[in-house]
Amino acid sequence: MTTTLDLTPHFALEGGQPFKDRHATMPWRGAMPIPKEQQEASWQALVSQTAPVRKRLVYLHIPFCATHCTFCGFYQNRYEEDHCTRYTDALLREIDLEADSVLHQSAPIHAVYFGGGTPSALSAHDLARIITRLRERLPLAPDCEITIEGRVLNFDDGRIDACLDAGANRFSIGIQSFNSQIRKKMARTSDGATARAFMEGLVRRDRAAVVCDLLFGLPGQDAAIWAEDLAIARDIGLDGVDLYALNLLPKTPLGKAVENGRVALPSPAERRDLYLQGCDFMDAAGWRCISNSHWARTTRERNLYNLLIKQGADCLAFGSGAGGSVNGYSWMVERDLNTWHEAIAAGKKPLMMMMRTVDPAFQWRHKLQAGVETARVPLDELTPHAGQLAPLLSQWHRAGLTRDTSSCLRLTDEGRFWASNILQSLQELIQQLSQPKIKQEQ
């Protein structure tokens, strides 16, 4: 029996907006959950052996925030100083429990990322303790990128110096906007002038790469306000900048306000125009586009963790709420702090869930994701049947999403904005092409 490959649902729409909305799609991994009663044995088997050689990362989750920003879906626990000290003690214990395993010592670690939450909420002493323990216990590569994610609030000189002295070499600061009115609406505690002064001070130290996040598609944001944000980012001496589209999450304060009609957001077409404005601005300023959302001004900025994770690098994970993956296995560390503390005290990995990829050829999905993220996808390397996608590639080119009709798909800036939609379509179609006896629909 022959299966028909139907391309028409994946065609771009006519009329200047290729898709109804912009998806925020995670790559399909085809993973099956491991039963709870089997997770401990599966974990011990995983850490007791080496994995196939590929790049390796470390992610640490710091699940505390002083405030809950209206757009953020990562808020877990309110910041309390004594809770953070206890958390750091347990986090160091979690690192020590795993550091000597065969898995953790079997390959160099190329990037470490402190995410959250708000890692910069920890005390200077605790930040230094964690960075130092990682460098002492795990095989960090000599050029390992060590990123501390933070925000303006409470990230004082003592904390910054402690990070630098312990070995951090990159700071990623969540600015979102330098516009004071927009910052207030997002429940950011500092105004635009304070945020700019903080970034300028961090840059003046000249001891680490400094990048910041800017969001487009925010309530009340127009092209003029966005242009001001872009100009400030250009002028303050940053090494890099992320231009992210607002990902509206329904359970956040902003998501609820939009659902209730109290707040309006720019349309998908308006968000697309803001993205294209950012692309043109960065290109005119001479910044290098490293990925669909990231630009670098200097050679110091590599954005290594984010690029490698999209390429399917293995990731060791520590801390409540952290997620990791190695060789087709993925896991989430327990989010509930009390449960996490209890497991660490008992000398166990506090797994909330663990999954195993059932597709033995799962790495093609990472290659696809990495290609879409950098706007170049050699489809012939992902499937021997790429020729069957030719009508779709031609239609996407006519819609302005790609540079030509080649099976080496190269996205335009328009295509970069709709990258998640393109990724989702290609994932579905290549999966179908991997099945036997597929023909193109006439």
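Engineer: Help me out: how do you make sense of the environment of Arg271 in this one?
Structural biologist: Here Arg271 lies in helix α9 (residues 268–284). Leave out the neighbours within four places in its chain, and Arg271 touches Asp21, Arg22, Phe216, Gly217, Leu246, Pro266 and Phe417.

Engineer: Help me out: how do you make sense of unusual backbone geometry in this one?
Structural biologist: For residues besides glycine, phi is generally negative; the peptide bonds are generally trans as well. A cis amide bond links Gly116 with the next residue in sequence, Gly117, at an omega value of 20°. Here Ala187, not a glycine, exhibits a phi torsion of approximately 70°, which is positive. Assignment of secondary structure puts Ala187 in the loop between α5 (180–185) and α6 (192–205).

Engineer: What is the right way to read the environment of Gly240 from this model?
Structural biologist: With respect to the secondary-structure elements, Gly240 resides in strand β10 (residues 240–245). A C-alpha to C-alpha distance of 9.6 Å links Gly240 and Ile290, two positions 50 residues apart in sequence. In contact with Gly240, other than residues within four places in its own chain, are Val210, Val211, Cys212, Trp287, His294, Trp295, Ala296, Arg297 and Glu301.

Engineer: Looking at this model, I keep getting lost on the state of the cysteines. Mind explaining?
Structural biologist: Covalently bonding the sulfur atom of one cysteine to the sulfur atom of another cysteine gives a disulfide. One pass over the full model with this rule turns up zero disulfides. No disulfide involves Cys163; its sulfur sits 13 Å from that of Cys84, the nearest cysteine. Cysteine Cys315 is unpaired, with the sulfur of Cys144 as its nearest cysteine sulfur at 12 Å. The exposure class of Cys315 is buried, given its relative accessible area of 2%.

Engineer: For this particular structure, what's the right way to read the side chain of Arg170?
Structural biologist: By the element assignment, Arg170 lies in strand β8 (residues 170–176). A distance of 3.2 Å separates the side chain of Arg170 from the side chain of Thr147, its partner in a polar contact. Here the side chain of Arg170 touches Glu301 through a polar contact of 2.8 Å, side chain to side chain.

Engineer: Whenever I open this one, helix α7 (residues 223–235) confuses me. Can you help?
Structural biologist: An α-helix turns once every 3.6 residues. As a result, residues three or four positions apart point the same way. A rise of 1.5 Å per residue sets the reference length of α7, with its 13 residues, at 18 Å; its end C-alpha atoms lie 18 Å apart and thus fit the reference within 8%. Taken as a whole, α7 has its buried residues at Ile225, Trp226, Asp229, Leu230, Ala231, Ile232 and Ala233. The secondary structure elements touched by the buried residues of α7 are β8, α5, α6, β9 (209–216), β10 and α9. Capping the start of α7, Asp222 holds a side-chain oxygen 3.2 Å from the backbone nitrogen of Ala224, two or three residues further along. Positive backbone phi, approximately 90°, marks Gly237, located one or two places after α7.

Thresholds applied
Residues numbered from 1 in each chain as written. Predicted model: local features only at pLDDT ≥ 70, side-chain atom pairs only at ≥ 80, totals over all residues. Heavy atoms only, no water. Helix = DSSP H or I, 4+ residues; strand = E, 2+ residues; numbered from the N terminus. Contact = heavy atoms within 4.5 Å. Disulfide = S-S within 2.5 Å. Buried < 20%, exposed > 50% of the residue type's maximum accessible area, 1.4 Å probe, protein only. Polar contact = N/O pair within 3.5 Å; in protein donor to acceptor, adjacent residues only side chain to side chain. Expected span 1.5 Å × (residues − 1).

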